[in-house]
Amino acid sequence: MNDSATPLPDPVERLLAEHLDRQAAATATESLRERIRQTLAADAPAMPARRRGRFVRWAVGVGAVACLFIAALSFWQNGQPLRASPQALLQETQKTFLQPVYRSYLVEVQRDADPADEQIPFFARGRQMRLWTRGDRFWIETTFPNMPQRGNSWGRDEQGTIWMTFGPREGVLLSPTETPRWLSVYSDLCSMQPDRLIAEVLRDFELHREDAPEGSPVHVIKADLKPGRWHPALKGAILELDAETKVLRRVTLRRSAGDDTPLTITYTLIETKSQDEIQYPLDGKEGKREFYTADYKPEQRQKLLYPLFGQRASEWMKPMPKLPLKK
Amino acid sequence: MAELSVQLGSAAVDAWVRETLPRAVAFAHSLVRDHATAEDIAHDCYCRLLRRADVYDLPTDGTRLLYRSITNASINRFQRERSVLSLDATDRDGNSPAGSVAGRISEPDEPLRLRELERAIERGMESLSVMQRAALQLKTLGHSVQEIADTLGLTTTNAGVLVHRARQALAVELAPYLGERAG
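Procedures and definitions
Residues numbered from 1 in each chain as written. Chains lettered and ligands numbered in written order. Predicted model: local features only at pLDDT ≥ 70, side-chain atom pairs only at ≥ 80, totals over all residues. Helix = DSSP H or I, 4+ residues; strand = E, 2+ residues; numbered from the N terminus. Buried ≥ 20, exposed ≤ 12 C-beta atoms within 10 Å, placed from the backbone. Contact = placed C-beta atoms within 7 Å. Pairing = 2+ DSSP bridges. Core = buried A, V, L, I, M, F, W, Y, C linked by C-beta atoms within 7 Å. Axes fitted to C-alpha atoms, helices over the stretch in contact; angles between N-to-C directions. Parallel < 35°, antiparallel > 145°, perpendicular 65-115°, else oblique. Nonpolar A, V, L, I, M, F, W, Y, C, P; charged D, E, K, R; others polar. Arc of directions from axis to C-beta. Expected span 1.5 Å × (residues − 1). Bend = angle between axes of the 7 residues up to and from the residue. pLDDT = per-residue confidence, 0-100. Left-handed = near helix turned anticlockwise from the far one by under 90°.

Looking only at helices and strands, chain B has 10 helices and 0 strands in total. The linear arrangement of helices and strands in chain B, starting from the amino end, is α-α-α-α-α-α-α-α-α-α. The buried share of chain B, taken over its 183 residues, is 44%. Taking the intrachain contacts of chain B between residues at least 6 apart in sequence as the baseline, contacts between residues at least 24 apart amount to 59%.

Written out as structure tokens, the structure is:
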């Protein structure tokens, strides 16, 4: 190989070889070595079988080839199309995110009892939550605990600001700098941005096609983390795509809350609306709804948030100390 | 990582993996232009070879087999995903391929000239087909034209033409830098 051979006579090849050297030097491979190690470790039980002799391997190999040949022949004779790879299907799904429509998913959260989190309105058990999504926009319609008479919704914008609405006239904004980590984690866990989800699944997960129920017009794809890969909150997923449109019809995410509590969240497509039929809650609301912030009517904001976050809110939203005025 | 050698029963093989892995990933990246895909390909190719470590003498023959395997896997992957693996696509870090290396070499004391050269090489490689990239990279790595032909499933003549055209195309992009090297 080049690194041990004599210098390349061609200047283009020499520049290219040096370029590859620099790229190699800038490439961190520890995690990849670990991934290879884990894959081989997973193979370990199969290793003794390999040592039984070449004949066994040969026989198994010939058998496998024969089976594949027969299966392929049967497939061809029946005139059935070959199954598309899960990657190809999800790439088709990605194209659906460009459509100018809002999709609504029913959100169901399953987790072991954890009374401490009952006060997280995003996770209020037994309450119906509905996720609306379009591109990188999303929001969730729900009913916050202790305020059943109000229509509530919350979401997070492109800048990371969490917003919540309380009825038609009031709302609060939490800037990223004042959002506590636990709240940020919970909003991550409960929301779903399909475009980001699919990109991450394609990148970091092993994908397998699963058999759909008989007569069901869906493709089912199971995603498990690749060995050696790590994801902050997603451990696995089952994605059901409409066989014809490739739209995500149902998404089941295996997540892990900050305390490693396993969590299963299911999103089921229930409705699709055009942009004319539904409006992003923050669009066209100027003058109709007041949004309280840390600077604008902070006491009103606290009044709305305390019932939702309870003790956590008191720890987090301490009143700002008043600094003495300079003379 | 002592575990890897324990699993494979050979410290020499572990050392071989440690030594060859960065260059193998860089090689795969130069073909598929996407870091995550390059890692996946390298992972699969190493696993395939390491599972047969009892058959191959990896420290001696492994590197050649590895590059052949990576080349084939990259071409397969590229052809299968041609419709989505755009050269303009961003990689996992959100960088465009052309900016990936230039982005990494961004230390203030790094010579500007080197950064420009890296960009020129990236641009030149992007302008090549995946077969041309593979042929030229293999040549750069010391493979003979016959070996390149075997790897790419071509005749020796076609492999030679592929290398020649790739080199010519890259030479156009690198023209400003070739003069100083020739001198």
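The next subject is the overall build of chain A. Looking only at helices and strands, one finds 8 helices and 12 strands in chain A. Taking all 327 residues of chain A together, 23% fall into the buried category. Long-range pairs, those at least 24 residues apart, make up 52% of the contacts in chain A with a sequence separation of at least 6.

A word on the pairing of strand E8 (residues 218–225) of chain A. Residues and elements named next belong to chain A. Note: strand E7 (residues 205–210) against E8, 6 bridges, orientation antiparallel. Paired with Glu-206 across the bridge in E8 is Asp-224. Two elements, E8 and strand E9 (residues 234–242), share 7 bridges in a ladder whose sense is antiparallel. Paired with Lys-222 across the bridge in E9 is Ile-238.

Here the focus is the nonpolar core. All names here are of chain B. Within the largest apolar cluster, 51 residues are counted, with the highest numbers of intra-cluster contacts made by Ala-28, Ala-42, Ile-70 and Ala-135. Here this core takes 11 residues from helix H2 (residues 11–32), the largest share from any one element. Sequence-distant contacts of Ala-28, defined by excluding residues within four places in its chain, comprise Ala-38, Ile-41, Ala-42, Ile-70 and Ser-74.

Here we take up the packing of helix H1 (residues 11–25) of chain A against helix H9 (residues 156–173) of chain B. At a closest axis distance of 9 Å, the pairing of H1(A) and H9(B) adopts a crossing angle of 80 degrees. If you check the angle between H1(A) and H9(B), you find them roughly perpendicular. Across the interface between the two elements, A:Val12, A:Glu13 and A:Leu16 of H1(A) pack against B:Arg167, B:Leu170 and B:Ala171 of H9(B). Classifying every residue of the contact of H1(A) with H9(B) gives 4 nonpolar, no polar and 2 charged.

A few words now on helix H8 (residues 145–152) of chain B. All names here are of chain B. Regarding H8, the residues found buried are Val-145, Ile-148, Ala-149 and Thr-151. The arc that holds the buried residues of H8, viewed along the axis, is 165 degrees, so those residues lie on one side. Phi turns positive one or two residues past the end of H8, at Gly-153, with a value near 70 degrees.

Next up on the list: unusual backbone geometry. Most peptide bonds take the trans form, and the phi angle of most residues other than glycine is negative. Residues and elements named next belong to chain A. With a phi angle near 65 degrees, Lys-246 is a residue other than glycine that sits in the positive phi range. At Lys-297, a position not held by glycine, the phi torsion is positive, near 50 degrees. As for its placement among the helices and strands, Lys-297 is situated in the loop between strand E12 (290–292) and helix H8 (298–316).

Bringing the pairing of strand E10 (residues 248–256) of chain A into the picture now. Residue and element names in this part refer to chain A. Sheet topology note: the E9/E10 ladder contains 7 bridges and is antiparallel. What sits directly across from Gly-236, in E10, is Arg-254. The turn joining E9 and E10, which pair antiparallel and follow one another in sequence, is formed by 5 residues; a positive phi near 65 degrees is taken by Lys-246. Both E10 and strand E11 (residues 262–274) contribute to a ladder of 7 bridges, which runs antiparallel.

Here we come to H2(B). Residue and element names in this part refer to chain B. With 22 residues, H2 extends 31 Å from end C-alpha to end C-alpha; this agrees with the ideal 32 Å at 1.5 Å per step. The largest bend in H2 amounts to roughly 40 degrees and is located at Thr-20, with the proline Pro-22 lying one to four residues further along. For H2, the tally of buried residues reaches 17 of 22 residues, placing the bulk of the element in the interior. Among the residues trailing H2, Arg-33 stands out with phi positive, at a value near 65 degrees.

Looking at chain A as a whole, its pLDDT mean stands at 76, while 71% of the residues score no less than 70. A low-confidence stretch, residues 1–5 of chain A (pLDDT under 50), is modelled with 9 contacts involving residues beyond four sequence positions or located in other chains.

You can see B:Cys47 is positioned in helix H3 (residues 35–51). Given 18 C-beta atoms within 10 Å, B:Cys47 falls into the partly exposed group. In contact with B:Cys47, other than residues within four places in its own chain, are A:Ile36, A:Thr39 and A:Leu40.

Between two packed helices, what matters for the description is the angle formed by their axes and the separation of those axes. Residue and element names in this part refer to chain B. At their nearest, the axes of helix H6 (residues 112–126) and H9 sit 9 Å apart, and the two run at 140 degrees to each other. Classified by chirality, the crossing of H9 by H6 is right-handed. On the side of H6, the interface is formed by Ala-120, Arg-123 and Gly-124, while H9 contributes Ala-169, Leu-170 and Glu-173. Counted by class, the contact of H6 with H9 contains 3 nonpolar, 1 polar and 2 charged residues.

Residue and element names in this part refer to chain A. With respect to the helices and strands, the residue Asp-224 is situated in strand E8. Along the primary structure Asp-224 and Leu-234 are separated by 10 residues, whereas in three dimensions their C-alpha atoms are 9.4 Å apart. Excluding residues within four positions of it along the chain, Asp-224 makes contact with Phe-205, Glu-206 and Gly-236.

Residues and elements named next belong to chain B. Here chain B shows a mean pLDDT of 75. Residues at 70 or above account for 74%. Taking the mean pLDDT of every element in chain B, the minimum, 37, falls on helix H5 (residues 97–104) and the maximum, 90, on H9. Here the complex is predicted with pTM 0.51, and the ipTM for its interfaces comes to 0.76.

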